[in-house]
Amino acid sequence: QVQLVESGGGLVQAGGSLRLSCAASGRTFSSYAMGWFRQAPGKEREFVAAISWSGDSTYYADSVKGRFTLSRDNARNTVYLEMNSLAPEDTTVYYCAADSAPHTYYTPTAYSRAGLYEYWGQGTQVTVSS
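As the structure is a prediction and not an experimental result, all values here were calculated from the model.

**Q** Break down the nonpolar core for me, with residues and values.
**A** The biggest cluster of nonpolar side chains holds 36 residues, and the ones touching the most others in it are Met-34, Trp-36, Leu-81, Met-83 and Tyr-94. Only β3 (18-25), β4 (34-39), β5 (46-51), β7 (68-73), β8 (78-83), β9 (92-98) and β11 (124-129) provide two or more residues apiece to this core. Of the residues forming this core, the biggest block, five residues, is contributed by β5. Setting aside chain neighbours within four positions, we find Tyr-94 in contact with Glu-6, Leu-20, Trp-36, Phe-37, Arg-38, Val-48, Phe-68, Leu-81, Met-83, Gly-123, Thr-124 and Val-126.

**Q** Any details on the sheet that holds β8? Residues and values, ideally.
**A** The antiparallel open sheet is built from four strands, whose spatial order is β1-β3-β8-β7. Because the sheet does not close on itself, it has two edges, and the strands there are β1 (3-7) and β7. The mean inter-strand angle of the sheet, taken between neighbouring strand axes irrespective of direction, is 15°. Where β3 lies against β8, six bridges are found, and the strand directions are antiparallel. Bridge pairing in β8 links Leu-20 to Leu-81.

**Q** An account of the packing of aromatic side chains is needed here, citing residue identities and associated values.
**A** Summed over all chains, the structure comprises nine aromatic pairs. Plain terms: the ring middles of Phe-37 and Phe-47 are 5.7 Å apart, the flat faces sit at 70° to each other, and that makes the pair edge-to-face. Here the residue Phe-37 occupies a position in strand β4, and Phe-47 occupies one in strand β5, the gap between them amounting to 10 residues. Here Phe-37 falls in the buried class, since its relative accessible area comes to 1%. The exposure class of Phe-47 is buried, given its relative accessible area of 14%.

**Q** Any details on the pairing of β3? Residues and values, ideally.
**A** Direction of pairing for β1 relative to β3: antiparallel, over a ladder of five bridges. Pairing of Glu-6 across the sheet is with Cys-22, part of β3.

**Q** I'd like a rundown of empty space enclosed by the protein, residues and numbers included.
**A** Per the stated rule, a full pass over the model turns up one cavity of 30 Å³ or more. The space that makes up the largest cavity amounts to roughly 60 Å³. Every residue along the wall of the largest cavity is listed here: Cys-22, Ala-24, Phe-29, Ser-30, Met-34, Arg-72, Asp-73, Asn-74, Asn-77, Thr-78 and Val-79. Elements with a minimum of two residues in the lining of the largest cavity: β3, β7 and β8. Looking at side-chain class alone, the lining of the largest cavity contains five nonpolar, four polar and two charged residues.

Rules used throughout
Residues numbered from 1 in each chain as written. Predicted model: local features only at pLDDT ≥ 70, side-chain atom pairs only at ≥ 80, totals over all residues. Heavy atoms only, no water. Core = buried A, V, L, I, M, F, W, Y, C linked by side-chain atoms within 4.5 Å. Buried < 20%, exposed > 50% of the residue type's maximum accessible area, 1.4 Å probe, protein only. Helix = DSSP H or I, 4+ residues; strand = E, 2+ residues; numbered from the N terminus. Contact = heavy atoms within 4.5 Å. Pairing = 2+ DSSP bridges. Axes fitted to C-alpha atoms, helices over the stretch in contact; angles between N-to-C directions. Phe/Tyr/Trp six-rings, centres within 6.5 Å; stacked < 30°, edge-to-face > 60°. 1 Å grid on protein atoms, 1.4 Å probe; cavity = no way out; pocket = protein on both sides within 12 Å on 5 of 7 lines; lining within 4 Å. Points joined across faces, edges and corners; volume = space filled by probe spheres on them. Nonpolar A, V, L, I, M, F, W, Y, C, P; charged D, E, K, R; others polar.

In short, shape yes, function no, at least from these values alone.
Structure (structure tokens):
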């Protein structure tokens with residue numbers, strides 16, 4: 001049974017910071033690409049950030065570049081999304097996702113496509129007040 005569990009969401013004032021965590025179980029994800037997406041009610045799922053299987057490369061949506069940082073801790077089978085300078089437009093549910101192909105690199109644009117990822121977490125709510 002493969003599971004991804006997000007945590008760390010909550011309410012924060014504009015300009016503040018949050019750190020989201022995604023803990024994996026059922027298998028190790030140290031050899032797989034990981035991504036973060038977000039989705040507001042009635043809207044399409046939006047790419048936020050991704051990291052290659054090796055951790056050598058990270059990718060960010062233009063809307064979060066310079067504010068968010070994605071990292072992975074293979075010993076804990078966990079990935080993190082550090083979010084700084086939060087704004088009200090960042091308010092939505094954030095989802096963690098994992099690839100199923102080990103030791104695999106993709107084109108930069110492929111990491112931003114939800115279809116690349118086989119496993120998804122339940123989501124964690126982030127709310128940024130004005």
